[in-house]
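# Breakdown of the fold
As a plain string of letters, each chain reads:
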Amino acid sequence: MPSRYREVRARNESAWLLPNDGRRADHRLRRDMRRFADDDELDLVIVGCGAGGSVLLQRLARAGWRVAALDAGPFWDPDADWVSDEAGSHHLYWTDPRVIAGSDPVPLGSNNSGRGVGGSMVHYAGYTPRFHPSDFMTATLDGVGADWPIGYSELRPYYEAIEQELPVAGERWPWGDPHGYPHRPHPVGGNGEVFLRGARKLGITARVGPVAIPNGRFGNRPHCIYRGFCLQGCKVNAKASPLITHVPDALEHGAEVRPDAMVIRIAVDERTGLATGVHYVRDGREKFQQARMVAVAGYSIETPRLLLNSASRRFPGGLCNEFDQVGRYLMVQGAPQTAGRFDAEVRMYKAPPPEVSTEDFYETDPARGASRGFSVQTVSPLPITWAEHVSAQGHWGRALREYMSDYVHWSCLGALCEFLPLAENRVTLAEEKDAYGLPVARFSYSQCDNDRALAKAAQGVMEDILHAAGADEVITIQRYAHLVGGARMAADERHGVVDRNCRSFAVPNLYITDGSVLPTQGSANPALTIMAVAARAADQLASGSAASA
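Residue numbers run consecutively from 1 along every chain, following the written order of its sequence. Predicted model: local features are reported for residues with pLDDT of at least 70 only, side-chain atom pairs are reported and counted for 80 or more only, and whole-chain, interface and lining totals are derived from all residues. Where side-chain values are given, they derive from all heavy atoms of the structure, hydrogens and water being excluded.

It is worth spelling out the packing of aromatic side chains at this point. Centres within 6.5 Å are what make two rings of Phe, Tyr or Trp a pair, Trp counting through its six-membered ring; a difference in plane orientation under 30 degrees is then read as stacked, over 60 as edge-to-face, and the rest as tilted. Within this structure, the stated rule accounts for 16 aromatic pairs. Ring plane angle 5 degrees and centroid distance 5.2 Å describe the contact between Phe 361 and Phe 374, whose orientation is recorded as stacked. With Phe 361 in the loop between strand 12 (356-358) and strand 13 (374-378) and Phe 374 in strand 13, this pair connects stretches of sequence that are 13 residues apart. To sort residues, take the accessible area from a 1.4 Å probe on protein chains only and compare it with the maximum for the residue type: under 20% means buried, over 50% means exposed, and anything in between is partly exposed. Given a relative accessible area of 17%, Phe 361 falls into the buried group. In this structure an aromatic cluster arises from ring pairing among Phe 131, Phe 136, Trp 148, Tyr 152 and Tyr 159. A ring has a charge above it when a Lys NZ or an Arg CZ is no more than 6 Å from the ring centre and no more than 35 degrees off the ring normal. In this arrangement the basic side chain of Arg 292 is found over the ring face of Trp 65, its NZ or CZ atom lying 5.3 Å from the centre. Of note, Arg 488 hangs over the ring of Tyr 329, and the distance from its end group to the ring centre comes to 3.6 Å. Working definition: helices are DSSP H or I runs of at least four residues, strands are E runs of at least two. Numbering for both runs from the N terminus.

Along strand 16 (residues 439-444), five of the six residues are buried, which leaves the element largely enclosed by surrounding structure. A pair of strands is treated as paired once DSSP finds two or more bridges between them. For strand 3 (residues 99-101) and strand 16, the ladder comprises three bridges, and the chain directions are parallel. Among the inter-strand pairings, Ile 100 is bridged to a residue of strand 16, identified as Phe 443. Where strand 15 (residues 426-433) meets strand 16, five bridges bridge the pair, whose relative direction is antiparallel. In the sheet register, Lys 433 faces strand 16, and the bridge partner there is Pro 439. Connecting the antiparallel pair strand 15 and strand 16 is a turn made up of five residues, with Gly 437 showing a positive phi of about 80 degrees.

Next comes the structure, spelled out in structure tokens:
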């Protein structure tokens, strides 16, 4: 076994714990996992088992902690629960009621939330770029957004570790902090060839990767078969998700994953102000899990909602909300997608949806008249999503059918624009109640002029690339992607909810380790950064330095 694999296996054996008999889930691990009683005082109970929760669970289980993760959704079985079908994959999304508002409301579902063990990474596209060093100091450099209380250099070793554990494949990355990846890049499909051809003619630098899909076998995980169903849950287990990259190792080291357990309230001792555990509903009954510490990893809508629904006499405005920071500065990325038609067949679905990218436009360019920037990636909508693109142009009936029959001739690119954190973009509680009798989240979102300028500039670049590659027609759909913020990390409690170690300012033994803590979002897909932040928080907790900070 190569030494680099031995090093990864020494800290995360998940890829080798998967069965090697054609099945895609180790039912032995699930059947025999440690199970704690509600009245066992855990060292830590984690709410949510997605990108942040699973990494925290796995790291602390390896450190010998008594730790369990409670997830509102099921423990997915890729063989039984996932299908290579768009319509048949909606159960992977968080579809509970939510209220959206604001001048530019954000649809919630397939591209920004998930349900079940693995979270939204079960159906993410697999793209795992790093944030740039500039993302951690946008206020200082560009006069917008916020500076993080940690710098890029503090996350670099965690980026490197997670890239090896997923693992990530791609060409050497020239942007931000230039770096390589543990696996060589994958072959490029038709959509990537279009992007590379157009970028080359325009003098735009483009690279293949980074995707969290090993190029070849990795442990007992098989090679990617390039069938394009990454967003529907990878049936072959080639694409990384916490369900297969960190959860098996956590179970092997004594952690519990408790699925179908909806946490409804965090309990806090009125006298000491410390968290004592969580109230949750399972099998139709309300229960209480005791714990010495609590970590929330429910992502940017459900984490603020849980904190607000955990109001008490001591915290009447919601847990950790004395300074009205919970739910604020929630961000999405502007994600316009531009498609171009070619006489030759492209067959854009025959590869991972994102496979080629450029970050030439990532940093602030005064010539754009806007702060910060955007990245551009290949995206490859499958037929149902492609129909949404076409119908958004006003095509119906015969015209829609003609566009659909022409599907194999289209190439599609997508941008990720860094929309700015604004205090008024926030989650509050709505009057509507869910099945548990709790107020649902109300997410109000409005763009600013800087946001609109970036989306317009990104559309122009994508149109230029496709025309340069030979497209004879282009169409664009405006959309959003990726939620972050809502419980942001800050230097003090007047500007955020948690400190640099993800510990809440208000409750010393309550931590938040998901995308809600990110103060800015960059123009990169956030999964890798969320995992790196959680891994750093786990190190701080395991060493005891977080509690003493």
